[in-house]
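Chain and residue survey
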Amino acid sequence: MLRKLNIRWVPVLFLLPSVICYVMFKYYPLMNMAYISFFDYSIVNPPGKFIGFANYTEFLKSTTFWQAISNTFIFFGLYLVLTFWIPIVQALFLYDIRRGNAFFRFMYQLPTIMPLVGGVLVWKWMYNPDFGLLNYWLDFVGLGPYLWLNDATMTKLAIVLPAVFAGNGIALLLYYSALKSIPTEILEAAKMDGAGPWRRMWTMLLPNIKFIIVIQFVAFMSSVLLAYDHIYIMTQGGPAGSTTVVSMLVVNSAFQQSRFGISGAVSVFMFIVIALLTIIQNKISAEKD
Amino acid sequence: MERTRIREKGGRSLKITAYVVTISFVIFALIPILWMFASSLKTEKDINSYPPKWLPTIPQSIQVTIDYTGMDETDPAFYEKDAMRAMWYPWMKNIRESIGDVTITGVKDGRKLYTAETVSSMFFVGQPKVVPTTIFNDKMMDKKLPIIQENKLSKFEWEGDSGKSIAVTPSIAESDLSSRFSAFYQSNELIKGQVVAISEQSNWVRVFSSYMALNKIAEDTAGALGFAQYFLNSAIITVASVLVQMVLGGLAGYTLAHLIESKKWKFFWIMFFLATIMIPDISLLLPMYLLMKDLGLVNSLLAVILPHTAWGIIIFLFKGFFDQVSKELLQAARVDGATELRTFLQIVTPLSIPIFTTVGVMTFIPVWNEFLWPLVVNSSPKYWTFTVALNDLQNQPSVLQNMLMASAFVSMIPLLLIFLFSQKYIEKGVAFSGVKG
């Protein structure tokens, strides 16, 4: 009898700290976020006046929100065209490199090691219109000079460009380890059948990591939607809102305009979109298993 | 013996392309990092030069000797002010030149009276307060001397009557910079003594002056530790977060894998933890801030650590690993009378070093680099992480580009070291977590 009780209590004790932390730092704030979004929230006298869905209709009608949505889509397109393929190509070619493989892997990680703030500061300096490296180089090919961060047509590109140079070290490792785990027998068999190395790359290697690419693509969508830090440090959303994204509205409405209700409503919107993307990602993962 | 391996058609072209592509990508990735390091070593003059230069100019050290023979004044403060004027004014006038340091030697009747020194890091930190413009006058130094003394911007050593005797040969070095200094001393009556000698050499140590300046600026905002304070905060937060995640996540993962018999409850708890990965941090920013405010934790390191105790993916990783530990082994331990905690600590944990390292390296990087949450929750510089401090530096008008680049370079070093020693584990960790989803 005593022994039975003992076994029952141990799991409770082991789980309890985690359960408390998850309730306090995930579920309670989540509820609170939804709760706040229905109020004209006042921080002095919480929760303020109940206004139903007025916060939602207000942000859905505002031009800033739709500008942020359109900015997010443009960023998504730019990142997709300019950066998404880079780690895939890097991994495919790295697969054929024997000498210095570990060295190249290390070098690919360097930009990942670089703290984001530091990386952005360097790029801001490279974008300097008078003394920056970039305008100097573009001058050789007869382009520019550009006011990278003050020109509403260039800022979006200016925010994506660092990622083109830096690549994505973590994604590269994922693709590379997926390539390494392809059984060599398959490749040997293809070789026997007369498939040359280039052909093997296209018809054997690439299709074998298709699954990882799809998973990465969904993760990539969430990461573009959630992008905040580097945009904030680079441009703070400016000039004239040309780089303001949806996640920035959450912060700005709460901590600059003290419109906590609006911030809560936009948070709920973000949560729904990200939750959907995560569910899709897990569905795809589960199908593979 | 002749090689018997048959070269495959296309193998060579692929190999060459692979190296060319890889090396080009690596060069691309290195350009910003190299440019950052090169810029951090530059002087004010190099920073604002066009076309941009990759190699820094070696700064110049200037030594000035001032003769006070025939002067009755005995108050050291009089001479200190004179020395400060002789250093700060002409330097400000030539602020765009690459000056590494200025040393003044005061002599009187063939004896050394004092020595004074200002180095470039201190000059650029103090310049906005001490010599904001190029308009100088006699009285100004009365107000500025306390600032210099309080911030220890210049060194001043008074020797007075006990000074060693030194021979002074009047000479002005024949360089552009020395003649500019000389011209400045002659053009006005600001310096009370007689400038007799100016000499000049290159001093390569001063290429690091932006790093020194950075630390000086951080001392003013964060306290005696300077920039190290920010790193210390980041380190405390990161280590504490990783440890808590390991302990809590390990226990919970073990419980989910081995201690819950009922299928229904198991599924419930797995969903309870796993569902949280759908919640983006940005959505919780505001409610989390309100929570920390209610708990009285705004402006503390704990406010940054606590949210990291609930990462859904961690428990899931642990559970995935512990699932592979054989039930028989655990049963054997229980039969021997070991408590569950002992079984976990002495049997399961030693078997699970790989998963602990994986979780460690996986969580270390994002926590170390975290930016938005520490920025929002801690407004007092004492509790800033280095990421927040870096962002603040770029908004300070007195911080020059070379100091910013120095700060970026310094911030890279800790992770670089960790990566150098644990590349293998990080790669394994990424592969493992990637396969798991």
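Residues numbered from 1 in each chain as written. Chains lettered and ligands numbered in written order. Predicted model: local features only at pLDDT ≥ 70, side-chain atom pairs only at ≥ 80, totals over all residues.

We count it as follows: UniProt positions are given in the numbering used here, feature names are shortened, and annotations may be inferred rather than shown by experiment.
Within an unreviewed UniProt entry, the label attached to chain A reads Sugar ABC transporter permease, and the organism entered is Paenibacillus soyae. Turning to chain A, the UniProt annotation filed under Sequence similarities (unreviewed entry) states: "Belongs to the binding-protein-dependent transport system permease family."

1. As for the overall build of chain B
Short version of the rule: Each helix corresponds to a stretch of at least 4 residues labelled H or I by DSSP, and each strand to a stretch of at least 2 residues labelled E; elements are numbered beginning at the N terminus. In this description the radius of gyration comes from C-alpha coordinates, and the expected globular size is given by 2.2 Å times residues to the power 0.38. Labels follow a simple rule on C-beta atoms placed from the backbone: if 20 or more others lie within 10 Å of a residue's own, it is buried; if 12 or fewer, it is exposed; otherwise it is partly exposed. Two residues form a contact once the distance between their C-beta atoms, set from the backbone, is within 7 Å.
If you tally the helices and strands in chain B, you get 18 helices and six strands. Its C-alpha atoms give chain B a radius of gyration of 31 Å, more than 25% over the compact-globule value 22 Å for 437 residues. Each principal axis of the C-alpha distribution contributes one length, and for chain B these read about 100 × 75 × 40 Å. Here chain B, with 437 residues, has 43% of them falling under the buried criterion. Taking the contacts inside chain B whose residues are at least 6 apart along the sequence as the reference set, 76% of them involve residues at least 24 apart.

2. So, the UniProt feature "transmembrane region" (unreviewed entry) in chain A
What UniProt calls "transmembrane region" (unreviewed entry) maps, in this numbering, to residues 7-25, 73-94, 106-126, 157-176, 209-228 and 260-280 of chain A. With 90% helix and 0% strand, residues 106-126 of chain A has its two end C-alpha atoms placed 24 Å apart.

3. A closer look at the domain arrangement of chain B
All names here are of chain B. The criterion, for reference: Domain borders in the structure are assigned automatically or taken from a domain database. Residue polarity is assigned by list, with Asp, Glu, Lys and Arg as charged and Ala, Val, Leu, Ile, Met, Phe, Trp, Tyr, Cys and Pro as nonpolar; anything else, Gly included, falls into the polar class.
Domain boundaries assigned for chain B yield domain 1 (60-202) and domain 2 (214-436). Taking only C-alpha atoms, the centre of domain 1 and the centre of domain 2 are 52 Å apart. At the junction of the two partners, domain 1 supplies five residues and domain 2 supplies four residues. Classifying every residue of the side of domain 1 that touches domain 2 gives four nonpolar, one polar and no charged.

4. What about unusual backbone geometry?
Residues and elements named next belong to chain A. Backbone geometry at Ala240 places phi at a positive 55°, although glycine is not the residue there. Position of Ala240 among the secondary structure elements: in the loop between helix H13 (229-235) and helix H14 (246-255). Residue Ser258 is not a glycine yet carries a positive backbone phi of 55°. As for its placement among the helices and strands, Ser258 is situated in the loop between H14 and helix H15 (260-288).

5. Let's talk about helix H9 (residues 169-180) of chain A
Three or four residues apart is the spacing at which side chains of an α-helix point the same way, because the helix has 3.6 residues per turn. All names here are of chain A. Put simply, the test is: For a helix, the expected span equals 1.5 Å multiplied by the residue count minus one.
Given a rise of 1.5 Å per residue, twelve residues ought to cover 16 Å, and the 16 Å separating the end C-alpha atoms of H9 matches this to within 8%. Within H9, nine of the twelve residues are buried, which leaves it mostly tucked inside the rest of the structure. Those residues of H9 not exposed but buried are Gly169, Ala171, Leu172, Leu173, Leu174, Tyr175, Tyr176, Ala178 and Leu179.

6. So, the confidence of the model for chain A
Cut-off, in case you're wondering: Scored between 0 and 100, pLDDT is the confidence that the predictor attaches to each residue.
On average, chain A scores 88 in pLDDT, and the residues at 70 or more come to 97%. By mean pLDDT, the top-scoring element of chain A is helix H3 (residues 63-84) of chain A (94), and the lowest-scoring one is helix H1 (residues 2-36) of chain A (83).

7. Concerning the packing of helix H5 (residues 101-113) of chain A against H9(A)
Rule in force here: The angle between two axes is taken between their N-to-C directions and runs from 0 to 180 degrees, where each axis is a line fitted to C-alpha atoms and a helix contributes only its stretch in contact.
Contact pair H5(A) / H9(A): the axes reach a minimum separation of 8 Å and the direction vectors enclose 145°. Contact residues: Tyr108(A), Gln109(A), Pro111(A) and Thr112(A) in H5(A); Gly169(A), Ile170(A) and Leu172(A) in H9(A).

8. Considering the interface of chain B and chain A
A common way to report how large an interface is uses the accessible area buried once the components associate. Each partner contributes residues to the interface: chain B has 78 residues there, and chain A has 74 residues. Class assignment of the residues belonging to the side of chain B that touches chain A gives a composition of 54 nonpolar, 19 polar and five charged.

9. Focus on the pairing of strand E6 (residues 194-202) of chain B
Side-chain direction in a regular strand flips from residue to residue, so the side chains alternate between the two faces of the sheet. Residues and elements named next belong to chain B. We apply this condition: Strand pairing is assigned whenever DSSP detects at least two bridges linking the two strands. Note on handedness: a crossover is taken as right-handed if, strands pointing away from the viewer, the path from the first strand over the helix to the second is clockwise.
Where strand E1 (residues 60-67) meets E6, eight bridges bridge the pair, whose relative direction is antiparallel. Counterpart to Gln60 in the pairing with E6 is Ser202. As paired elements, strand E5 (residues 171-172) and E6 share two bridges and run parallel to each other. Its bridge partner being in E6, Ile172 is matched across the sheet by Ile198. You can see the chain leave E5, run along helix H6 (residues 176-187) and come back into E6, and the turn it takes is left-handed.

10. Here we look at the packing of helix H7 (residues 209-222) of chain B against helix H8 (residues 227-259) of chain B
All names here are of chain B. Which entries qualify depends on this criterion: Between 65 and 115 degrees an angle is taken as roughly perpendicular, under 35 as roughly parallel, over 145 as roughly antiparallel, and anywhere else as oblique.
Where H7 meets H8, the axes come as close as 7 Å, and the angle between the chain directions of the two elements is 70°. With respect to H8, the element H7 is oriented roughly perpendicular. Of the residues in H8, those in contact with Leu214, Asn215, Ala218 and Ala222 of H7 are Phe227, Gln229 and Tyr230. Considering only residue class, the contact of H7 with H8 consists of five nonpolar, two polar and no charged.

11. Observations concerning H14(A)
A large share of H14(A) lies buried, amounting to nine of its ten residues. The set of residues buried in H14(A) consists of Val246(A), Ser247(A), Met248(A), Leu249(A), Val250(A), Val251(A), Asn252(A), Ser253(A) and Ala254(A). Where the residues of H14(A) are buried, they touch H3, helix H12 (210-226), H13 and H15 of chain A together with helix H10 (281-295) of chain B.

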